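# Descriptive structure summary
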Amino acid sequence: MSNSRNSSPFSVTHTYCPCMGVEPLPSKADSATIAANNIQRVLDQMHKALAKVAKQMVVQADSSCSEAPLYNIGDEVWLDTSHV
């Protein structure tokens, strides 16, 4: 289950939950317009939920960051070349 929407990734990408054997099959009488509207509604909900989670991640990441020091031409600095 996804924390951002309370649905499984499978149900979001495939627009249905797989049957486990005893559930009744969905009706085949639904129109394509209703299905398209349901898909669009789910996608809209996912966009809103993901935007909210992205905003929360930015706030969390920014809370532990500090301002970078301002360097001027001619300032002496130490460089770490261990990962170069």
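So, here is what we can say about the structure in this document.

About the cut-offs
- Residues numbered from 1 in each chain as written.
- Predicted model: local features only at pLDDT ≥ 70, side-chain atom pairs only at ≥ 80, totals over all residues.
- Heavy atoms only, no water.
- Helix = DSSP H or I, 4+ residues; strand = E, 2+ residues; numbered from the N terminus.
- Buried < 20%, exposed > 50% of the residue type's maximum accessible area, 1.4 Å probe, protein only.
- Areas by Shrake-Rupley, 256 points an atom, 1.4 Å probe, with all protein chains shown as cover.
- Expected span 1.5 Å × (residues − 1).
- Contact = heavy atoms within 4.5 Å.

## Focus: the overall build of the chain
Helix and strand content of the chain: two helices and zero strands. When burial is assessed residue by residue, the chain has 6% of its 84 residues classed as buried. With an accessible surface of roughly 8,100 Å², the chain has 60% of that area assigned to carbon and sulfur atoms.

## Focus on the environment of Ser7
Relative to the helices and strands, Ser7 is located in the segment before helix 1 (9–14). A residue is classified by how much of its surface remains accessible, and Ser7, at 8% relative accessible area, is buried. Distance from Ser7 to Cys17, taken between C-alpha atoms, is 9.4 Å for residues 10 residues apart in sequence.

## Topic: helix 2 (residues 32–63)
For helix 2, built from 32 residues, the straight-helix expectation of 46 Å at 1.5 Å per residue is met to within 8% by its first-to-last C-alpha distance of 46 Å. Among the residues of helix 2, those classed as buried are Val42, Met46 and Ala49. Elements that come into contact with the buried residues of helix 2 comprise helix 1.

## Details of the environment of Ala35
Mapping Ala35 onto the fold places it in helix 2. Ala35 gets classed as partly exposed once you look at its relative accessible area, which sits at 38%.

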